[in-house]
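Residues per chain are reported as follows:
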Amino acid sequence: MVDAVLLSACRTAIGTARRGTLRDTSAFDLATVVVREAVLRSGLPPETIDDVVLGESLAGGGDIARYAALRAGLTHVPGLAHNRHCASGLASVATAAGSVRAGMDRVVVAGGTHSSSTAPVSRWRTPGTDDWQDPWMAPTHVPTPEAPNDDMGVLVGWNTARLAGLTREEMDAWALRSHARAVRAIDEGRFTEEIVPVKVTGRDGVTSVFDTDEHPRRDTSAERLAALKVLHPEIPGFSITAGNSSGVNDGAAAVVVAGSDVAAEHGIVPLATVRAWASVGVDPVETGLAPIAAIRKALGRAGIGVGEVDLFEVNEAFAAVAVATTRELGLDPERVNPFGSGCSLGHPIAMTGTRMVVTLAYELRRRGGGIAVAAMCAGGGMGSAVVLTV
């Protein structure tokens, strides 16, 4: 069995939805940019690509992976749209790696694309009535008051904080650190190599190049975070705010996953090896704690101990998720989210998992090797993790 390796990796900069630079750039356009660039960076002839697998953000809006493949000139390549809620971008990498290791495919482009700015708004009719609800969120589980489908602030943020015994001060402090780390990473050029610039034409007709994450806030302070109102003041003790939650964002990311034999044949030095992956299910109330089990499962499959891992990124869907995971697994906080995460960089839903893989792969290469884990929760009581080695 060959290893599944990353031959290339790229992402767009992350935009702030509805008022940011990518507000008029669709998920389809973003996907096309990164798929085309990932293939170009790999150095492989386009005819060697077997499939494109993309996490999608359109909730039944068609096969966005096939759409991007066609627009990227990969007419002979089919496409698979993946939806594992927030973990869709990780699922695409795992699916590609699994197919490569099984010998079914030799080269697969995997990634995720999301445009909160342009995603269609769906309506649905309540069964047994003529009443229409707008907007409609596709369900991941049977809703309960403790685990609603349409309120991540309660489903993930508040439940995690409550179950893990986290204070607002702890979550705000983590969010503040996230912004500081993301801003420092931008200033140090940590993301420059992984970002593919996107040409954007504004409503004024002026074309510009978007190549820098715009969501991190340089003016964030403990005082500003403490002054924000909680999302549900009617719930006693509620501690989740916009400040200790992830952003609403736009972006796309892609990697080329291939067999180690393909890399050898073409003389390509891989960025990283996809060593192992795992997904888990938990009670929906415990959604924000799911990365804990996913990390343990993935590392167990890899035969790697938690203490051997050099870098973790635990997506900050809410700061509570990263704080709870770090505490429960006994992780060194300095090794967790060293360049920020959802609270600062933002969380373009279907992109984020792949974005984490891209960032970690480049950082491991800069360090001359090591082990990294990307992990995240996903709505409905799911968690996923991917282990990378260099």
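Look up: the structure comes first, before these words.
None of these values were measured; they are calculated from a predicted model.

### Observations regarding the environment of Gly103
Then, number 1: Structurally, Gly103 can be placed in the loop between helix 3 (88-101) and strand 5 (107-115).
Then, number 2: Gly103 sits in the exposed class, given a relative accessible area of 52%.
Then, number 3: Sequence separation of Gly103 and Val2 is 101 residues, and the distance between their C-alpha atoms is 7.9 Å.

### Examining the layout of surface pockets
Then, number 1: Of the volumes computed, that of the largest pocket is approximately 1500 Å³.
Then, number 2: As for the largest pocket, its lining consists of 46 residues, and the residues nearest its centre are His85, His114, Met137, Ala138 and Ile349.
Then, number 3: Top element by residues in the lining of the largest pocket is helix 4 (residues 152-164). It accounts for three residues.
Then, number 4: Reported here for the second largest pocket is a volume of approximately 420 Å³.
Then, number 5: As for the second largest pocket, its lining consists of 19 residues, of which Arg19, His179, His215, Arg217 and Ala242 are closest to the centre.

### Some points on empty space enclosed by the protein
Then, number 1: Under the counting rule described, the total for this entry stands at one cavity of 30 Å³ or more.
Then, number 2: A volume near 30 Å³ is recorded for the largest cavity.
Then, number 3: Residue lining of the largest cavity: Glu313, Asn337, Pro338, Phe339, Gly340, Thr359 and Leu360, and that is the complete set.
Then, number 4: Each residue belonging to the lining of the largest cavity can be placed in one class, and the counts come to three nonpolar, three polar and one charged.

### A word on the nonpolar core
Then, number 1: In this structure, Leu6, Val52, Leu74, Val255, Val257 and Leu388 are the most contacted members of the largest nonpolar core, which totals 77 residues.
Then, number 2: Here Val52 is in contact with Val35, Ala65, Ala69, Leu74, Val77, Pro78, Gly79, Leu80 and Val109, once residues within four sequence places are set aside.
Then, number 3: With 45 residues, the next largest nonpolar core counts Ala147, Ala276, Ile304 and Ala320 among its residues.

### Describing the side chain of Ser384
Then, number 1: With respect to the helices and strands, Ser384 occurs in strand 14 (residues 382-389).
Then, number 2: A polar side-chain atom of Ser384 sits 2.7 Å from a polar atom in the side chain of Ser279.
Then, number 3: If near-sequence neighbours (up to four positions away) are discounted, Ser384 is found in contact with Arg84, Ala87, Leu90, Ala278, Ser279, Ala294, Ala374, Ala375 and Met376.

### Some details on the side chain of Ser245
Then, number 1: Note that Ser245 resides in the loop between helix 6 (222-227) and strand 10 (249-259).
Then, number 2: Classification of Ser245 by relative accessible area gives buried; the value is 8%.
Then, number 3: Those residues in contact with Ser245 that lie beyond four places of it in its chain are Leu231, Ile240, Ala317, Phe318 and Cys343.

### Regarding the packing of aromatic side chains
The geometry of an aromatic ring pair is captured by the separation of the ring centres together with the interplanar angle, meaning the angle of the planes.
Then, number 1: Under the criterion given, the structure shown has three aromatic pairs.
Then, number 2: Geometrically, the ring pair formed by Trp158 and Phe238 is tilted, given 5.2 Å between the ring centres and 35° between the ring planes. With Trp158 in helix 4 and Phe238 in the loop between helix 6 and strand 10, this residue pair connects regions lying 80 residues apart in the sequence. For the pair Trp158 and Phe238, a shared accessibility class is recorded, and that class is buried.
Then, number 3: The positively charged end of Arg11 is found above the aromatic ring belonging to Phe191, 5.0 Å away from the centroid.
Then, number 4: We note Arg177 situated over the ring of Trp174; from NZ or CZ to the ring centre the distance is 4.0 Å.

### Description of the environment of Gly55
Then, number 1: Relative to the helices and strands, Gly55 resides in strand 3 (residues 51-55).
Then, number 2: Owing to a relative accessible area of 0%, Gly55 belongs among the buried residues under this scheme.
Then, number 3: C-alpha of Gly55 to C-alpha of Pro233: the two residues are 178 residues apart in sequence and 34 Å apart in space.
Then, number 4: Apart from residues no more than four positions distant in its own chain, Gly55 is found in contact with His82, Ser88, Ser92, Gly111, Gly112, Thr113 and Ala350.

What counts and how
- Residues numbered from 1 in each chain as written.
- Predicted model: local features only at pLDDT ≥ 70, side-chain atom pairs only at ≥ 80, totals over all residues.
- Heavy atoms only, no water.
- Helix = DSSP H or I, 4+ residues; strand = E, 2+ residues; numbered from the N terminus.
- Buried < 20%, exposed > 50% of the residue type's maximum accessible area, 1.4 Å probe, protein only.
- 1 Å grid on protein atoms, 1.4 Å probe; cavity = no way out; pocket = protein on both sides within 12 Å on 5 of 7 lines; lining within 4 Å.
- Points joined across faces, edges and corners; volume = space filled by probe spheres on them.
- Nonpolar A, V, L, I, M, F, W, Y, C, P; charged D, E, K, R; others polar.
- Core = buried A, V, L, I, M, F, W, Y, C linked by side-chain atoms within 4.5 Å.
- Contact = heavy atoms within 4.5 Å.
- Polar contact = N/O pair within 3.5 Å; in protein donor to acceptor, adjacent residues only side chain to side chain.
- Phe/Tyr/Trp six-rings, centres within 6.5 Å; stacked < 30°, edge-to-face > 60°.
- Lys NZ or Arg CZ within 6 Å of the ring centre and 35° of its normal.

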